[in-house]
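Reading the structure
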Amino acid sequence: MRTFIAALLLVGTLAVAATETDPELREILRAAANEAPSFTDRFHAEVWLTDMSRRLARQVTDPEERIEILTLVHMEASRVELPPELILAVIEVESNFDRYAISVAGARGLMQIMPFWKDEIGRPGDNLLHTDTNLRYGCTILRYYYDKEKGDLRRALGRYNGSLGKRKYPNKVIDKLSTKWFQA
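Each chain carries its own residue numbering, running from 1 in the direction its sequence is written. Only residues with pLDDT of 70 or above have their local features reported here, since the model is predicted, and side-chain atom pairs are shown and tallied only from 80 upward, although totals for entire chains, interfaces and linings are computed over all residues. Water and hydrogen atoms were dropped before computing side-chain values, which therefore reflect all heavy atoms in the structure.

In this section: the side chain of Q112. You can see Q112 is positioned in the loop between α5 (84–95) and α6 (116–120). N or O atoms within 3.5 Å of each other form a polar contact, as long as, within protein, one can give a hydrogen and the other can take it, and as long as residues adjacent in sequence are counted only when both atoms are side-chain atoms. In terms of polar contacts, Q112 uses its side chain to reach the backbone carbonyl oxygen of A101, at 3.3 Å. At 2.7 Å, the side chain of Q112 and the backbone oxygen of G109 are in polar contact. When neighbours within four sequence positions are excluded, Q112 is seen to be in contact with E94, S95, A101, I102, S103, A107 and N134. The way it works is that DSSP assigns letters per residue, a run of H or I at least four long becomes a helix, a run of E at least two long becomes a strand, and they are numbered from the N terminus. Contacts between residues were defined by any pair of non-hydrogen atoms, one from each residue, lying within 4.5 Å.

Pasting the structure below:
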């Protein structure tokens, strides 16, 4: 995992050097990096947030909203010990980063959480359209399925999506993960 993080830092450093600097975005990133508790240090935060912000810019045009989403994704993914890039891939497939998305089945928010979970855990007042709440639920659920499937990511993703045993959904997430979020 540390080797993987080191590789991400290198990729992020190269991406930062190749990207034209936007002063407004730089200030937003600096503020986010200074208050992001899940990063090992400020440099790591700035590199990761800059790189991922560039990748997310097409779906989330507002830089402040983009940094908010990325910071929360990193925090919640780190809390459950999953790569934040995996969570970004899941979000892209589930909602294409529409925090107000509601599926035909009633799933809500970025990670498309089913509302029945609120009653299951005794928190009926939780708002699944709030980014922090949605990410907390989604990351926790995905980690549970990952553990239940003994580290088999495809099966965990199938459980998360309710399509265990089918390849379409896990393949879509893994494709996004490898071609967009982990690309060099």
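We are not done yet, so read on.
Next up on the list: the environment of N134. Assignment of secondary structure puts N134 in helix α7 (residues 131–148). Through-space distance from the C-alpha of N134 to that of L110 is 6.7 Å; in sequence the pair is 24 residues apart. Once residues lying within four places of it in the same chain are set aside, the contact partners of N134 are R108, G109, L110, M111, Q112, I113 and L128. Here the side chain of N134 touches M111 through a polar contact of 2.8 Å, landing on its backbone nitrogen.

This part takes up the confidence of the model for the protein. Each residue carries a pLDDT score, the predictor's confidence in it, ranging from 0 to 100. Across the protein, pLDDT averages 85, with 79% of residues at or above 70. α5 holds the highest mean pLDDT among the elements of the protein, 98, whereas helix α1 (residues 2–18) holds the lowest, 37. Below pLDDT 50 for its whole length, residues 1–20 participates in 21 contacts with residues either more than four positions away or in separate chains.

Moving on, we come to the packing of aromatic side chains. Put simply, two rings from Phe, Tyr or Trp (the six-membered ring, in Trp's case) pair if the centres are within 6.5 Å, and we call them stacked under 30 degrees between planes, edge-to-face over 60, tilted for the rest. Applying the stated rule across the entire model yields four aromatic pairs. Centre to centre, the rings of F39 and W48 are 5.8 Å apart; their planes meet at 55°, and the pair counts as tilted. Taken as a pair, F39 and W48 share a single burial class, namely buried. Throughout this description, buried means an accessible area under 20% of the type-specific maximum (1.4 Å probe, protein chains only), exposed means over 50%, and partly exposed covers the range between.

Moving on to helix α9 (residues 168–181). To estimate how far a helix should extend, the number of its residues minus one is multiplied by 1.5 Å. A rise of 1.5 Å per residue sets the reference length of α9, with its 14 residues, at 20 Å; its end C-alpha atoms lie 19 Å apart and thus fit the reference within 8%. Regarding α9, the residues found buried are Y169, P170, V173, L177, K180 and W181. One face of α9 carries all of its buried residues, which in axial projection span an arc of 140°. The inward-facing, buried residues of α9 contact α3 (42–56), α5 and α8 (153–161). The arc under discussion is defined with respect to the helix axis, by the directions toward the C-beta atoms.

Moving on, we come to unusual backbone geometry. One non-glycine residue with positive phi stands out, namely Q112, at about 55°. Residue Q112 is classed as buried on the basis of its relative accessible area, which comes to 11%. Positioned with a positive phi, K150 is a non-glycine residue whose angle comes to about 50°. With respect to the helices and strands, K150 occurs in the loop between α7 and α8. Looking at K150, the relative accessible area reads 77%, which means it is exposed.

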